[in-house]
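Chain residues, written in single-letter form:
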Amino acid sequence: MKISMENIHKAFGTNKVLEGVDMEIESGEVHALMGENGAGKSTLMKILTGLHQKDEGTVMIDGEARTFANPKEAEEFGIAFIHQELNVWPDLTVLENLFINKEPVTKFGLIQTKKMKAIANEQFEKLAVSIPLHKEAGQCSVGEQQMIEIAKALMTDAKVIIMDEPSAALTDREIEKLFDVIRSLKKQGVSIVYISHRMEEIFTICDRITVMRDGQTVDTTPIPETSFDDVVRKMVGRELTDRFPERTPEPGESVLEVKGLGRKGVFRDVHFTARAGEIVGVAGLMGAGRTEIMRTLFGLDGKYEGEIFVNGQKVDVKNPSQAVKLGLGFITEDRKGEGLVLDFPIKDNIALPSLRSFTKNSLIQEKEEQEFVDMLIKRLTVKTESSKTEAKNLSGGNQQKVVIAKWIGIGPKVLILDEPTRGVDVGAKREIYQLMNELTDRGVAIIMVSSELPEVLGMSDRVLVVHEGTIAGELNRDEADQEKIMTLATGGQVNG
Amino acid sequence: MDSAIKGAKQVGNITQKLGPFVGLLALIIVVSIFNSSFLDPLNLLNLFRQVAINALIAYGMTFVILTGGIDLSVGSVLALSSALMAGMMVSGLDPILSIIIGCLLGAVMGAVNGLLVTKGKMAPFIATLATMTMFRGLTLVYTDGNPITGLGDSYAFQLFGRGYFLGIPVPAITMFLAFAVLWVILHKTPFGRKTYAIGGNEKAALISGINVSRVKVMVYSLAGLLSALAGAILVSRLDSAQPTAGEAYELDAIAAVVLGGTSLSGGRGLIVGTLIGALIIGTLNNGLNLLGVSSFFQMVVKGVVIIIAVLIDRKKAA
Amino acid sequence: MDSAIKGAKQVGNITQKLGPFVGLLALIIVVSIFNSSFLDPLNLLNLFRQVAINALIAYGMTFVILTGGIDLSVGSVLALSSALMAGMMVSGLDPILSIIIGCLLGAVMGAVNGLLVTKGKMAPFIATLATMTMFRGLTLVYTDGNPITGLGDSYAFQLFGRGYFLGIPVPAITMFLAFAVLWVILHKTPFGRKTYAIGGNEKAALISGINVSRVKVMVYSLAGLLSALAGAILVSRLDSAQPTAGEAYELDAIAAVVLGGTSLSGGRGLIVGTLIGALIIGTLNNGLNLLGVSSFFQMVVKGVVIIIAVLIDRKKAA
Amino acid sequence: LQPPEWAKPSSGNGEGDVKVGLSVSTLNNPFFVSMKEGVEQEAKAQGMEAVVVDAQNDAAKQVNDVEDLIQQGVDVLLINPTDSAAISTAVQSANSLGIPVITLDRSAEKGDVETLVSSDNEKGGEMAGKYIVEQVGEGAKVAELEGVPGASATRERGAGFHNIADEQLDVVAKQTANFDRTEGLNTMENMLQGNPDIEAVFAHNDEMALGAYQAIQSSGRDILVVGFDGNDDAMSSIKSGNLSATVAQQPIEIGKLAVQAGQDVLDGEEVEETIPVPLKLVTEENVEE
Ligand SMILES: Nc1ncnc2c1ncn2[C@@H]1O[C@H](COP(=O)(O)OP(=O)(O)OP(=O)(O)O)[C@@H](O)[C@H]1O
Ligand SMILES: Nc1ncnc2c1ncn2[C@@H]1O[C@H](COP(=O)(O)OP(=O)(O)OP(=O)(O)O)[C@@H](O)[C@H]1O
Ligand SMILES: O[C@@H]1[C@H](O)[C@H](O)CO[C@H]1O
Ligand SMILES: [Mg+2]
Ligand SMILES: [Mg+2]
């Protein structure tokens, strides 16, 4: 199937999101689509698959102009879409999830469960995943959920599969599996549109790349004819130097120490220290338990085993409000779900954990609050017209900056960042790295959980590797490399 | 480690499903220890008949709640449709035909709710709050506040609410039959699956091409239909249509659904739970009467039992 | 382009804020065209007094709904606390002191709701449905189903529900004073900000270090306190405590909140909207009476008005 | 407690029709519907305009309703209270504006009421009690379905019934069903479960009696049911031998007499403190009359 989109326009209200996009997808190719957050990548794909309707332009499929009224039509025509936001039903089983709205039925209209199981098993085998079909999807890790989504798309026997940041929740091992699948699909003549902010992946798996900026196509090039820097330049519209800014760490006293931390059935016997001014990277496979450790540390999951010390003092972190008082900040992996009040203006989001500091006589001092917020917006270069803009109207990268601003506002001693750059474009990524450096320069200790190995290697002063709920090893900046981390993460031994 | 967690979770799932049933059993044991006449066959038959009306309404409520909605208007739909049925009977229409037409009218009232929620984009709580007032007002206008009586003495009509078939009260049979049909619809058909899907993640349901509006309208219509059916039983039982019938019935129905373990936020629950929930409420009413608890104190006990039941359920889920 | 969006959004915001107000105005104009005596000073004063009870309850409901919750028990809290107040008065306690203690007891009942919702992790709908039944039962048990009368003739107590101060009915003054205080709390204090944040995104609020449970318990307590205060006005107006007082008041309060533009899913809304919403309902009740619309038909009209108002609001928001 | 002078309505109702305002406790009961019709008929006959508001059994709403009636400039207020105590303040506000008040069917505890037009409820209760003793004999186990708690009709009928029953019968169960038929059904069902040997039931009105009869019928037992009011349904039920008896009131008459009393008051004539409306025990024997 050959698809060509020409001069696509789309506006949401007065917000012009696409202003003349062109893109061509050949059959059997893996076509990368890149661009900054908010460039319009997802919107373009939603238009292709009938979730949104275009305002202007044409979509030609095998030489014929076509418009789909809804995603189901597109799917029946052979175009499947793995969405950026996971579309799982947490309370339904994996099997039920796979077949929503396409259950095979008997002539009496009853669902044929056996048939469903057979199809599902076959599909899972191809993908080499082993998620029990009767498991509730909500009990699956984000990565497993992503695999369910992928399986769902593959089951449709599509000729074109759009993958919108499929790897954001996957670790390298799963990504490898995904790539194997992509390669075999390609052999069968299936075309893939691959959207990602991870440069390495693009250069590993894709044949051609289209770059978008501000709702327009910059250009399309074969992968061999371009480079990291070239792509970045096209995306951002200017030259970006090194991806990871230089770090000159000067670690001070230990500010956070954890001894024998554990929670039944989730993780156990976790030891580590974070010193003022250093970045501790935390790596591990999907579902290894990194997020759980951080949540416990922040008082989010109640009772725990073991001891936590802040500034050498033993503390008992019962709830987040206590953690905040102790000087801990937590940027969670789920920015929209846990980081922001999306309906709140930027101002109220940033001020939320710091309300106390500008309250007098029980009243919020609005002028002080405004100054405080403006200062942080400026310092983090949040791109917005006003601090009154609602958080939901910001691009992903800018939303992430608001979350970080909110925590910088409390003057933290320890900042925990869980997947700080997930779904964030290269430009914004670099700014976040720079911020991390600034913070450590001021003596903040940073714990950075990340599934993106280049980021872990590029930014950490020390790397902790988590395997099945415990720390499998610790590597210094100079000894850490991809191979060692992966060995530890998969249960192997590393000497040194 | 992983299999241990999985094991624990499965046990959790089973006890969660059994939870309401165990609660019902415990209640029955307690009541019959204090008053053995509870287990008298006649009392049990009565109990089923008493439960039927709430159970039927609660079935419909289960579907609505599974989609993440709520229907406060069920009691008013019951009243309006039973007034209309009675009106038809008085005007000489065949009683059974009147009941059938009345049930369809109930479905239409439900569809109004569904349209307000989908096309009108109103919060279900508000839409059905408004129609609750509106349908009640229409009932009063139609009946002029008076009960409608003189429904004739068709045997079939009398049987419908008061009779026995094979020794079982007809309303109880209706309740069990409706259960069977609705169980199949909910668990074995794509429509049922869609009901769950909408409540579990409406956006995803839309993206999957489910016609969310249509399913919702159908679900609210079903709730209306079942309320009207419950109304027909009530009309037969009272041999008249009461303009005030069904007041506050939504609360008992919602209580039955929730006691049965269905989540108010949608997407999770079982209709068998609802049946058990309705039986719990019925047993409580019946049992407290047998034990001679004053009607005022019964309310206190009912409130406390709901709290305890839900708390235990929460504990188990955690 | 961007500033155009901002402009459009601001206009949108303003009309959204003005929406309920425009609705109220339109209603007033219509009613007074049909019956000019609506605008008589005495009628307006009466109207304010009539609205006071619902407005006070609805203020508390606004806070609860802003956190994403709901409180069905307000009417029962009103009944129980007013029965307790009346009981204290009959037993010879100073009436004003009785009212104060009664209000505190109302807050305690609210706190029970709050604790069930937070510590008990119960859905607010169910928790307050259960306490609604429970508190009503307790009221009936305490009063034995009879009104409590013989409250003495303290002038201050009579003034509270029936008197005038500077020509304005005291309940209306209470309503406006409470409004001023609650407006400051909601819009100018950290507590108010937290209330919004919890409703906007509870997880994010929790992670930001907000003691979500404490705020919620306080919000439900506030709702209880305000219901009890409304109860005190009612006791004075009826010169007795009625065991059935406050039945279905939750519905009017919720309607006021929603007509005032507050979102049932929490995080978005204004207390001034609630005041206007309560005035709309009051004007509707009063106006329909003045226009001589039959009570049955009034219900139909009320239902329809709620639907229209909400639909118009939705249109504007879209 | 008085409204400010500037707000008081200019009491210039001299010209035009005389307006009577009627506030009923609820219209969801045939009894009150008949009473309302009586008021309307008589008002028409006397050339008055009648305005009716319905409190839907909510004491608080009734106080508002009365205010709204006053606002419409009624010359005389007929009130059928939801609750005898709770109506007092409304009566007092009418008093403060010099509008005469007449209560129907139920009394007001405080405030100046010109007259109460009602049946002699206590006597009616006694009539029911005596009839039951006649039918089932002394010492029989009986149940009582009470009306809305606190209403004078409930209190007085209960008192009258107990004057007889406490001596000659055994009241084994007593619960309120709020004058409502569905509640009557449910409450009776409950009573039957708890008390297998009830021989007779006295219900404070016909609606509850009819509900109770349905419960008894489904239980397959044979129990005597006596109601109060004498509404159409009850009459035909007695005819077909279902209900045993009812203490018939004359709601239309109550309404008419109240309007006449209102006219008398406006004409400056004296009226009695209470105007009793006769009751009659209706049984299968005399139902055809
Ligand atoms: N339904 C919508 N209504 C209004 N605006 C929208 C809607 N969907 C997207 N937008 C806006 O359109 C722009 C493009 O969004 P889109 O999701 O296509 O970006 P993207 O390139 O996929 O970014 P990312 O890399 O963050 O996923 C953004 O400014 C976004 O806020
Ligand atoms: N909501 C949940 N319910 C049940 N189990 C969960 C839930 N979330 C996570 N888990 C399980 O907890 C374990 C640890 O998950 P966690 O999210 O901490 O891993 P992680 O190392 O942060 O990986 P990820 O890259 O997925 O974030 C996994 O086994 C996962 O399946
Ligand atoms: O006297 C009346 C009637 O008996 C009616 O049925 C209920 O209310 C009472 O006050
Ligand atoms: Mg995107
Ligand atoms: Mg994680």
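Quantities reported herein were computed from a predicted structural model and do not represent experimental measurements. (Residues numbered from 1 in each chain as written. Chains lettered and ligands numbered in written order. Predicted model: local features only at pLDDT ≥ 70, side-chain atom pairs only at ≥ 80, totals over all residues. Heavy atoms only, no water.)

A. Expanded view of the site of ligand 1. Residues and elements named next belong to chain A. Near ligand 1 lie 13 residues; those nearest to it are Lys41, Ser42, Thr43, Gln84 and His197. Within the backbone of glycine 40, one N or O atom sits 2.9 Å away from an oxygen atom of ligand 1. Between threonine 43 and ligand 1, the recorded distance is 2.5 Å, taken from a side-chain N or O atom to an oxygen atom. Calculation on ligand 1 without its partners gives an accessible area of 640 Å², and the protein chains cover 69% of this total. For the shell around ligand 1, the leading source of residues is helix 1 (residues 41–48), giving 3 residues. In terms of residue class, the shell around ligand 1 is built from 3 nonpolar, 7 polar and 3 charged. (Near = heavy atom within 4 Å. Polar contact = N/O pair within 3.5 Å; in protein donor to acceptor, adjacent residues only side chain to side chain. Areas by Shrake-Rupley, 256 points an atom, 1.4 Å probe, with all protein chains shown as cover. Helix = DSSP H or I, 4+ residues; strand = E, 2+ residues; numbered from the N terminus. Nonpolar A, V, L, I, M, F, W, Y, C, P; charged D, E, K, R; others polar.)

B. Up close: the packing of aromatic side chains. Under the counting rule described, the total for this entry stands at 15 aromatic pairs over all chains. Look at A:Phe298 and A:Phe330: their rings are 5.3 Å apart centre to centre, the planes differ by 55°, and that puts the pair in the tilted class. Residue A:Phe298 is found in the loop between helix 9 (290–297) and strand 14 (305–310), and its partner A:Phe330 is found in strand 16 (residues 328–331); the two are separated by 32 residues along the sequence. With respect to burial, A:Phe298 and A:Phe330 carry one shared label: buried. Ring plane angle 35° and centroid distance 4.7 Å describe the contact between D:Phe161 and D:Phe202, whose orientation is recorded as tilted. Taken together, the residues span a long stretch of sequence, with D:Phe161 in helix 5 (residues 152–168) and D:Phe202 in strand 8 (residues 200–203) at a distance of 41 residues. (Phe/Tyr/Trp six-rings, centres within 6.5 Å; stacked < 30°, edge-to-face > 60°. Buried < 20%, exposed > 50% of the residue type's maximum accessible area, 1.4 Å probe, protein only.)

C. Spatial organisation of the pattern of salt bridges. Tallied over the full model, the rule gives 57 salt bridges over all chains. Salt-bridge contacts for A:Asp461 lead to A:Arg477; the nearest nitrogen and oxygen are separated by 3.8 Å. Linking A:Asp461 in the loop between helix 16 (453–459) and strand 21 (462–467) with A:Arg477 in the loop between strand 22 (470–476) and helix 17 (482–489), this pair joins segments that are 16 residues apart in sequence. With its nearest N and O atoms 3.4 Å apart, the salt bridge here joins D:Asp105 to D:Arg106. Here the salt bridges share partners, and the residues they tie into one network are A:Arg263, A:Glu292, A:Arg295, A:Asp301 and A:Glu338. (Salt bridge = Lys/Arg side-chain N within 4 Å of Asp/Glu carboxyl O.)

D. Representation of the relation of the copies chain B and chain C within the structure. Of the transformation superimposing chain B on chain C, the axial component is 0.1 Å and the angular component is 180°, with the fit at an RMSD of 0.2 Å. Such a turn and shift between the copies fits a two-fold axis. Considering only C-alpha atoms, the residue of chain B closest to the rotation axis is B:Ala248, which sits at 4.5 Å. (Least-squares fit on C-alpha atoms with pLDDT ≥ 70 in both.)

E. Molecular detail of the site of ligand 3. Residue and element names in this part refer to chain D. Contacts to ligand 3 come from Asn29, Phe31, Phe32, Asp105, Arg106, Ala153, Arg157, Phe179, Asn205, Asp229 and Gln249. One nitrogen or oxygen atom from the side chain of glutamine 249 is found 3.1 Å from an oxygen atom belonging to ligand 3. Starting from 270 Å² of accessible surface for ligand 3 in isolation, the protein chains cover 100%. Elements supplying a minimum of two residues to the shell around ligand 3: helix 1 (30–45) and helix 5. A per-class count over the shell around ligand 3 returns 4 nonpolar, 3 polar and 4 charged.

F. Representation of the interface of chain B and chain C in the model. Taken together, the contact between chain B and chain C spans 39 residues of the former and 39 residues of the latter. The junction of chain B with chain C conceals about 3200 Å² of combined surface from both sides, 91% of it contributed by carbon and sulfur atoms. The largest contributions to the chain B side of the interface with chain C come from B:Phe125, B:Phe296 and B:Met299, which together make up 18% of the buried area. The interface formed by chain B and chain C holds 0 salt bridges in total. Within the residue set of the side of chain B that touches chain C, elements represented by two or more residues are helix 5 (124–143), helix 11 (249–259) and helix 13 (295–317) of chain B. Here the side of chain B that touches chain C takes 13 residues from helix 5 of chain B, the largest share from any one element. Of the residues in the side of chain B that touches chain C, the class split is 28 nonpolar, 6 polar and 5 charged. (Contact = heavy atoms within 4.5 Å. Buried area = accessible area lost by both parts, 1.4 Å probe.)

G. Fine view of helix 3 (residues 88–96) of chain D. Taken together, the buried positions of helix 3 of chain D are D:Ser88, D:Thr89, D:Ala90, D:Val91 and D:Ala94. At its buried positions, helix 3 of chain D is contacted by helix 6 (155–162) and helix 10 (212–238) of chain C together with helix 2 (59–71), strand 3 (76–79) and strand 4 (101–104) of chain D. D:Gly98 lies just past helix 3 of chain D and shows a positive phi near 75°.

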